[in-house]
Amino acid sequence: MKKKIVLIITLLSIFMIGCTSKTEESSLVEEGKIALEAHKYSDAMKLLSNALDEDSSDEHARSMYMQAMRMINVDSYKSKTNYKKAIEELEAIEKIKNGSQVIKSEASNELKEIKKLYESQKEAERKRKEDAKTAASKDAYKASQQLTKYEESLREEEEKKKQEEEEQLNNNQNTENNENTNEGDNQTQGIRNQPQST
């Protein structure tokens, strides 16, 4: 009889130890889920990692760990306005099975919002590029007009210089002709002023 009592106590002790371990493990998973749904993703990852150390086959803990990790990535991408990557992460969260349904639902709602932001971002980028092209073509036209004006002013200066040179040449020729005429007149007067010999 004493042997039966000792055997029963031993079995109950073993059973109680096994139940305590499962209770601790499920407590870690539950705490991880609470942290995850409270958006405390780093805390959730630590708790769920500990739960996975206890039981690596726990798919529920693994799925919630993945959700927490991806939500951290989503927050990081959103802060950098990299909406394309945030969308990819949220779509991956939607596909995770055995995770938190609350997080899955939040991810679906956030995905809709981020897709709108991404479309707005793409539209703004397209408009910026279009405006840059328009500004560049206006600048090119303006530069072309300035170049044309500059070339015209160079031609006008060249024509003015030519006219001045021609006028100078004409003035020099007129001066020479006048000097030649004056020399001829002086020679003629000199001849006239000479006494005539008879």
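All figures in this text were calculated on a predicted structure; none of them were measured in a lab.

J.: Quick rundown of the overall build of the chain? Include the residues and the values.
T.: Scanning the chain from terminus to terminus reveals five helices and zero strands. Walking the chain from its N terminus toward its C terminus, one meets helices and strands in the order α-α-α-α-α. For the chain, the share of sequence-separated contacts (at least 6 apart) that also reach a separation of at least 24 residues comes to 57%. Here the chain displays about 15300 Å² of accessible surface, and carbon together with sulfur accounts for 51% of that area.

J.: Lay out the pattern of salt bridges with the relevant residues and their values.
T.: Under the definition given, this model contains eleven salt bridges. The closest approach of N and O atoms between K78 and E110, which form a salt bridge, is 2.4 Å. Of this pair, K78 sits in helix α3 (residues 59-79) while E110 is found in helix α5 (residues 101-193), placing the two residues 32 residues apart along the sequence. Several salt bridges share partner residues, and in doing so they unite E123, R126 and E130 into one network.

J.: Provide a residue-level description of the confidence of the model for the chain, including the pertinent values.
T.: Detailed reading of the predicted coordinates is not advisable wherever pLDDT falls low. With 76% of its residues at a pLDDT of 70 or more, the chain shows a mean pLDDT of 83. Within the model, pLDDT remains below 50 along residues 19-23, and this stretch shows two contacts once partners closer than five positions in the same chain are excluded.

J.: Pulling in residues and values, what's your account of the packing of helix α2 (residues 41-54) against α3?
T.: One can describe the packing of α2 onto α3 by two numbers: an axis separation of 9 Å at closest approach and a directional angle of 155°. The orientation of α2 relative to α3 falls into the category roughly antiparallel. Remark: the crossing between α2 and α3 carries left-handed chirality. In this structure, α2 uses Y41, S42, A44, M45, L48, S49, A51 and L52 to contact α3, whose residues at the interface are A61, R62, M64, Y65, A68, M69, M71, I72 and D75. Along the lines of polarity and charge, the residues of the contact of α2 with α3 split into 13 nonpolar, two polar and two charged.

J.: An account of a nonpolar patch on the surface is needed here, citing residue identities and associated values.
T.: Nonpolar side chains collect at one region of the surface, where L147, Y150 and L154 lie side by side and expose about 290 Å² of accessible area between them. As for its position among the elements, L147 is in helix α5.

J.: Got a sec to walk through helix α4 (residues 83-95)? Specific residues and values, please.
T.: Between its first and last C-alpha atoms α4 spans 19 Å; for 13 residues at 1.5 Å apiece the expected length is 18 Å, and the two agree. When we look at burial in α4, the residues that qualify are Y83, A86, I87, E89, L90, A92 and I93.

J.: Before we move on, could you go through the side chain of Q67 and cite the residues and values that matter?
T.: As for its placement among the helices and strands, Q67 is situated in helix α3. The contacts of Q67, once residues within four sequence positions are left out, are L36, I93, I96, G99, S100, I103 and K104.

J.: Explain the nonpolar core to me, using residue names and the numbers behind them.
T.: One finds L36, L90, I93 and I114 to be the most contacted residues of the largest nonpolar core, which totals 25 residues. Breaking this core down by element, the ones donating at least two residues are α1 (2-37), α2, α3, α4 and α5. The leading source of residues in this core is α2, at six residues. What I93 contacts, discounting residues up to four positions off in sequence, is Q67, R70, M71, V74, I103, K104 and A107.

Cut-off values and rules
- Residues numbered from 1 in each chain as written.
- Predicted model: local features only at pLDDT ≥ 70, side-chain atom pairs only at ≥ 80, totals over all residues.
- Heavy atoms only, no water.
- Helix = DSSP H or I, 4+ residues; strand = E, 2+ residues; numbered from the N terminus.
- Contact = heavy atoms within 4.5 Å.
- Areas by Shrake-Rupley, 256 points an atom, 1.4 Å probe, with all protein chains shown as cover.
- Salt bridge = Lys/Arg side-chain N within 4 Å of Asp/Glu carboxyl O.
- pLDDT = per-residue confidence, 0-100.
- Axes fitted to C-alpha atoms, helices over the stretch in contact; angles between N-to-C directions.
- Parallel < 35°, antiparallel > 145°, perpendicular 65-115°, else oblique.
- Left-handed = near helix turned anticlockwise from the far one by under 90°.
- Nonpolar A, V, L, I, M, F, W, Y, C, P; charged D, E, K, R; others polar.
- Patch = residues over 30% accessible without salt bridge, like charges linked within 9 Å, V, L, I, M, F, W, Y side chains within 5 Å.
- Expected span 1.5 Å × (residues − 1).
- Buried < 20%, exposed > 50% of the residue type's maximum accessible area, 1.4 Å probe, protein only.
- Core = buried A, V, L, I, M, F, W, Y, C linked by side-chain atoms within 4.5 Å.

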